[in-house]
Amino acid sequence: MQSASHIKILILDDDTFMLKLLTRMLTKQGYATVSSCDNGVDALKLIDHADTCPDLILLDLNMPDMDGIEFVRYLVDRQFHGSLILVSGEDERMLRTAEKLVHAHKIPMLGYLHKPVNPDKLSEIMKKWEPPSLENKPQPNKKIYRAEELQSAISNHELMNYYQPKVSVATGEVIGVETLVRWHHPTDGLVFPDRFIGIAEENHLINELTAFVLTDALAQAKIWHQSGLTLRVAINVSMDNLTSLDFQDLVVNMVTEAGLSPQKIVLEVTESQLMGADTRIPLEILTRLRLKRFHLSIDDFGTGHSSLAQLRDIPFDELKIDQGFVHRAWTDDTLRAIYDASLSMAKQLGMEVVAEGVEDQNDWELLRRTGCDLAQGNFISRPLQAADFSNWMEEWQNRLRNGLIAGFL
Ligand code: C2E
Ligand code: CA
Ligand code: CA
């Protein structure tokens, strides 16, 4: 594990006096590996080499050639997995807008500093730094997988389900899990679904993939239920799964064979996909599954363009507010407005609401204050292998008992 003093820090500012000043402040605070650049092009060169790529960048927003915002775009292209601190002489509003932009790009931001920089404020923000988690770390090679590779991964059982808990916000009780598939690639290590679900969809492999995920998830659900843990198990269903009525038969048969109740199975479908071109067949399949008492969930709510009327037409039980509108909604008015609207819309339609991407205590407290039903996110638990689930349950119970979760004291 990397200790804080060994964080590789890069300061990028066109003002060389500022570079010296910040370097001195950081060195005084015990950070030994600090480099600096007075322009974006040189900074990107450092970022492009593994041994000089920083863990943290202090970035000036206003620079003459490549400004801070443009620089952030290049960081995104490079899948930079370190953190950022923005430094600027601009006013609070400008800094907050820039912060939102960085967030939208999913680059972790520790905070922003006003010029002239106050050493105490710097030290306070630096304390927030933590090593990037393996879960969020992008794959070093951005290899595009071929359909045949994915096909053989499915056949060779290289895909593996992880499970992320969904807990009741009011009581802390563990209500269910979401199944998230990963590919344990023999040479590339852990590959995340965003890199292969699209390939499965484009190459008619998605039914096979979903069947594989479902088989394992049902077997796991059965193990949990037999041990007295009657968790609701959710799986992600792609729109391409819903193009033929065969899918509905497959799901019904598999659940019946496993001896499970459909009420304990949740099918998550992404909102933006649902609002696509011809949704008649998918809607028919979903409605039929709903009639069989499967739970239906609208995923990533807020990212698509659904209208209230469209929502009324679809018999959903659960609405998942996209993580982009949950994390930091407690402090950001724009996010908060979308979060509030989604929550109240779902409540009016009698749906259960899950907030995704609950990353810290502040997020969790917003959920408690606003009466959100369920929470999911790294604050509660990262997606886990089934074998690690009971250990996590114990830890979670301890956190509740020890009052770590506000409101359970
Ligand atoms: P999703 O359904 O929105 O799943 C939630 C994603 O957010 C997961 O990423 C999860 O690891 C991540 N996450 C959980 N908690 C936090 C948090 O606190 N903060 C942040 N920033 N992220 C968090 P993952 O596992 O990489 O999955 C990405 C997407 O891939 C999923 O998004 C889902 O749409 C898709 N997917 C995963 N498994 C399957 C599957 O079996 N079939 C299909 N069709 N799609 C799948
Ligand atoms: Ca999902
Ligand atoms: Ca989601």
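Residues numbered from 1 in each chain as written. Chains lettered and ligands numbered in written order. Predicted model: local features only at pLDDT ≥ 70, side-chain atom pairs only at ≥ 80, totals over all residues. Heavy atoms only, no water.

Asks: Tell me about the coordination of the calcium ion (ligand 2), and please be specific about residues and values.
Replies: At this site the calcium ion (ligand 2) is bound by Glu178 (OE), Asn236 (OD1), Glu268 (OE) and Asp299 (OD), with donor distances of 2.2 to 2.3 Å. When the donors of the calcium ion (ligand 2) are listed by position in the chain, the intervening gaps give E-x57-N-x31-E-x30-D. Between the two metals, the calcium ion (ligand 2) and the calcium ion (ligand 3), the spacing is 4.0 Å, and Asp299 donates to both. Taken as a pair, Glu178 in strand S7 (residues 174-185) and Glu268 in strand S10 (residues 265-270) lie far apart in primary sequence, 90 residues in all. One exposure class covers both Glu178 and Glu268, and it is buried. (Donors = N, O, S within 2.8 Å, 3.2 Å for Na, K, Ca; no water. Helix = DSSP H or I, 4+ residues; strand = E, 2+ residues; numbered from the N terminus. Buried < 20%, exposed > 50% of the residue type's maximum accessible area, 1.4 Å probe, protein only.)

Asks: An account of a negative patch on the surface is requested, with residue identities and associated values reported.
Replies: Judged by side-chain charge, Asp14, Asp15, Asp38 and Asp65 come together as a negatively charged surface patch. Along the chain, Asp38 turns up in the loop between strand S2 (34-37) and helix H2 (40-47). Classification of Asp38 by relative accessible area gives partly exposed; the value is 37%. (Patch = residues over 30% accessible without salt bridge, like charges linked within 9 Å, V, L, I, M, F, W, Y side chains within 5 Å. Areas by Shrake-Rupley, 256 points an atom, 1.4 Å probe, with all protein chains shown as cover. Salt bridge = Lys/Arg side-chain N within 4 Å of Asp/Glu carboxyl O. Lys, Arg positive; Asp, Glu negative; His and termini not counted. Charge placed at Lys NZ, Arg CZ, Asp CG, Glu CD.)

Asks: Would you mind going over the pairing of strand S13 (residues 352-355) in detail, with residue names and values included?
Replies: Where strand S12 (residues 318-321) lies against S13, 4 bridges are found, and the strand directions are parallel. Along S13, the bridge assignment pairs Leu319 with Val353. Regarding topology, helix H13 (residues 333-348) serves as the crossover connection from S12 to the parallel S13, and that connection is right-handed. Relative to strand S14 (residues 374-375), S13 runs parallel, the two sharing 2 bridges. Paired with Val354 across the strands is Leu374, a residue of S14. (Pairing = 2+ DSSP bridges. Right-handed = clockwise from strand over helix to strand, strands pointing away.)

Asks: Help me get a handle on H2, residues and values and all.
Replies: Listed in full, the buried residues belonging to H2 are Gly40, Ala43, Leu44 and Ile47. One side of H2 holds all its buried residues, which, seen down the axis, span an arc of 100 degrees. Of the surrounding secondary structure, the elements contacted by the buried residues of H2 are strand S1 (9-12), S2, strand S3 (56-60) and helix H3 (68-77). Sitting at the amino-terminal end of H2 is Asn39, which places a side-chain oxygen 3.2 Å from the backbone nitrogen of Val41. (Arc of directions from axis to C-beta. Contact = heavy atoms within 4.5 Å. Polar contact = N/O pair within 3.5 Å; in protein donor to acceptor, adjacent residues only side chain to side chain.)

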